[in-house]
Number of protein chains: 2
Amino acid sequence: MAGHRLDPIDRKILAELQADGRMTNVELAKRVGISAPPCLRRVRALEEQGFIKGYHADVDARELGFEVQVFVMVGLQSQAESDLRAFEGRCRDWPLVRECHMLNGEVDFILKCAAPDLSTFQSFLTGQLLTAPNVASVKTSLVIRGAKDEPGVPFDVLEERLSRSA
Amino acid sequence: MAGHRLDPIDRKILAELQADGRMTNVELAKRVGISAPPCLRRVRALEEQGFIKGYHADVDARELGFEVQVFVMVGLQSQAESDLRAFEGRCRDWPLVRECHMLNGEVDFILKCAAPDLSTFQSFLTGQLLTAPNVASVKTSLVIRGAKDEPGVPFDVLEERLSRSA
DNA sequence: CCTGAAATGAAAGGCCA
DNA sequence: TGGCCTTTCATTTCAGG
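Residues numbered from 1 in each chain as written. Chains lettered and ligands numbered in written order. Predicted model: local features only at pLDDT ≥ 70, side-chain atom pairs only at ≥ 80, totals over all residues. Heavy atoms only, no water.

Every residue near DNA strand C is listed here: Thr24, Asn25, Val26, Pro37, Leu40 and Arg44 of chain A together with Ile34, Ser35, Pro37, Pro38, Arg41 and Arg42 of chain B. When the atoms of DNA strand C within 4 Å of the protein are sorted by group, sugar and phosphate make up 78%. In the model, a phosphate oxygen of DNA strand C is placed 2.6 Å from a nitrogen or oxygen of the Asn25 of chain A main chain. Within the side chain of Arg44 of chain A, one N or O atom sits 2.5 Å away from a phosphate oxygen of DNA strand C. Counting residues per element, the ones that place at least two in the surface near DNA strand C are α2 (25–32) and α3 (36–48) of chain A together with α3 (36–48) of chain B. For the surface near DNA strand C, the leading source of residues is α3 of chain B, giving four residues. Each residue belonging to the surface near DNA strand C can be placed in one class, and the counts come to six nonpolar, three polar and three charged. (Near = heavy atom within 4 Å. Polar contact = N/O pair within 3.5 Å; in protein donor to acceptor, adjacent residues only side chain to side chain. Helix = DSSP H or I, 4+ residues; strand = E, 2+ residues; numbered from the N terminus. Nonpolar A, V, L, I, M, F, W, Y, C, P; charged D, E, K, R; others polar.)

The structure is reproduced here in structure tokens:
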């Protein structure tokens, strides 16, 4: 299992920075129980090794005028690898598409989209997505309201697993 | 339309902090073209007003041993408001459920789940989700691979809209 | 509402244990 | 490795335009 190169202090650092990514290094050091310099060295190492991929402010989309959030299920005609890649590349180029995941089962991709209003989304849908090559089926579901939106990973579950396998 | 209390500098601050939430305030001030003290005041105000909901390190789930990501479509028997709320509350209590959104259309909720392996997810599915009150239908889709996962909101789209309506 | 300066406090590097 | 010391730089407050 992965995550084994990490000791409990590293995991605590990751959990703390996932919860508050703008914490100062001295605050972080205090919370994980070591002094600041080694703490900073650990953070840098975690960034280098790719355990931390970045830091992001969590902005309120609705407050900013992005009232509409939509999940879109996409089926393709051809599932050849090159065609899958081509569709993924298009998704990366569409700013309204925030997430694109390839799925198993009847549908090929799920997209999470954000738009200022319904008509902006509709014109993206009809003008870009539905007319893109190889797109066979599209099913959209508007988000009525969000009930939970946690970033990252549940560290409690991780710690519980590690203590069981120890 | 919302976002109107924000001037171009505020929007630039949000865009920069969304891209790099751990940037120092002086670096941020330099990028948005003002000096550090007013920049910090603006950031604090944006936090107070709820435009910035938090800061999070983006940790690599796979590296940490969360190999499995699953989208789950849930239909309920009763869509009475109290029953919807009850289900949302349960989702908030389940650590493997990272996101829960209420949808329009045939399905009631979409969940995004993370788990260390398939058997952990299966036991959550059969032991928790399928046996929860009021759950009528559950359809799961494993994520084969992720193609795009951008946090937040496309600020280019926002700026383009504002310049058109100006 | 901003700039600029001054004091406090944090980041980052060297070095020893 | 972690801890301590020192320098450098950032944060924060305050005076003033």
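The structure having been displayed, the exposition proceeds.
Bringing the relation of the copies chain B and chain A into the picture now. Screw-axis analysis of chain B against chain A gives a translation of 0.0 Å along the axis, an RMSD of 0.1 Å, and a rotation angle of 180°. Those values place the two copies in the arrangement expected of a two-fold rotation axis. With an isologous cut-off of 70% or more, the 100% of interface residues of chain B that recur at the interface of chain A puts this contact in the isologous class. (Least-squares fit on C-alpha atoms with pLDDT ≥ 70 in both. Contact = heavy atoms within 4.5 Å.)

Attention now goes to the pattern of salt bridges. A complete count under the given rule lists 36 salt bridges over all chains for this structure. The salt bridge partner of Glu99 of chain B is Lys112 of chain A, with a shortest N-O separation of 2.8 Å. With Glu99 of chain B in strand β3 (residues 97–103) and Lys112 of chain A in strand β4 (residues 109–115), the pair connects residues from two separate chains. Just as Glu99 of chain B is buried, Lys112 of chain A falls in that class too. Arg161 of chain A is the salt-bridge partner of Asp117 of chain B, the closest N and O atoms lying 3.3 Å from each other. Residue Asp117 of chain B is located in the loop between β4 (109–115) and α5 (118–129), and its partner Arg161 of chain A is located in helix α6 (residues 155–164); the two belong to separate chains. Residue classification places Arg161 of chain A among the partly exposed positions, given a relative accessible area of 23%. (Salt bridge = Lys/Arg side-chain N within 4 Å of Asp/Glu carboxyl O. Buried < 20%, exposed > 50% of the residue type's maximum accessible area, 1.4 Å probe, protein only.)

With numbering aligned to this structure, UniProt lists the feature "domain: HTH asnC-type" (unreviewed entry) at residues 6–67 of chain A. Secondary structure over residues 6–67 of chain A splits into 53% helix and 13% strand, and the C-alpha atoms at its two ends are 40 Å apart. (UniProt positions renumbered as here; feature names shortened; annotations may be inferred.)

All right, on to the protein's contact with DNA strand D then. Near DNA strand D the following residues occur: Ile34, Ser35, Pro37, Pro38, Arg41 and Arg42 of chain A together with Thr24, Asn25, Val26, Pro37, Leu40 and Arg44 of chain B. Near the protein, within 4 Å, the atoms of DNA strand D are sugar or phosphate in 67% of cases. One of the side-chain nitrogen or oxygen atoms of Arg41 of chain A is found 3.0 Å away from a base oxygen of DNA strand D. In this structure, Val26 of chain B approaches DNA strand D through a main-chain N or O atom, which is 2.9 Å from a phosphate oxygen. Of all elements in the fold, only α3 of chain A together with α2 (25–32) and α3 of chain B reach the threshold of two or more residues within the surface near DNA strand D. Sort the elements by how many residues they give to the surface near DNA strand D and α3 of chain A lands first, with four residues. Grouping the constituent residues of the surface near DNA strand D by class yields six nonpolar, three polar and three charged.

This next bit is on the interface of chain B and chain A. Across the boundary between the two partners, chain B contributes 78 residues, which contact 78 residues of chain A. Between chain B and chain A lies a buried interface of about 7200 Å² when both sides are counted; carbon and sulfur atoms form 56% of it. On the chain B side of the interface with chain A, the three residues burying the most area are Arg22, Arg145 and Lys148 of chain B, jointly 12% of the side's total. Remark: the boundary between chain B and chain A carries twelve salt bridges. The partner of Glu106 of chain A in a salt bridge is Lys139 of chain B, with the nearest N and O atoms 4.0 Å apart. Viewed at the interface, chain A and chain B are joined by 55 residue pairs in polar contact (both at pLDDT 80 or more). When contributions to the side of chain B that touches chain A are tallied by element, the ones reaching two or more residues are α1 (8–19), β1 (52–59), β2 (68–76), α4 (81–93), β3, β4, β5 (135–149) and α6 (155–164) of chain B. When residues of the side of chain B that touches chain A are assigned to their parent elements, the largest contribution, ten residues, is made by β5 of chain B. By residue class, the composition of the side of chain B that touches chain A is 38 nonpolar, 16 polar and 24 charged. (Buried area = accessible area lost by both parts, 1.4 Å probe.)

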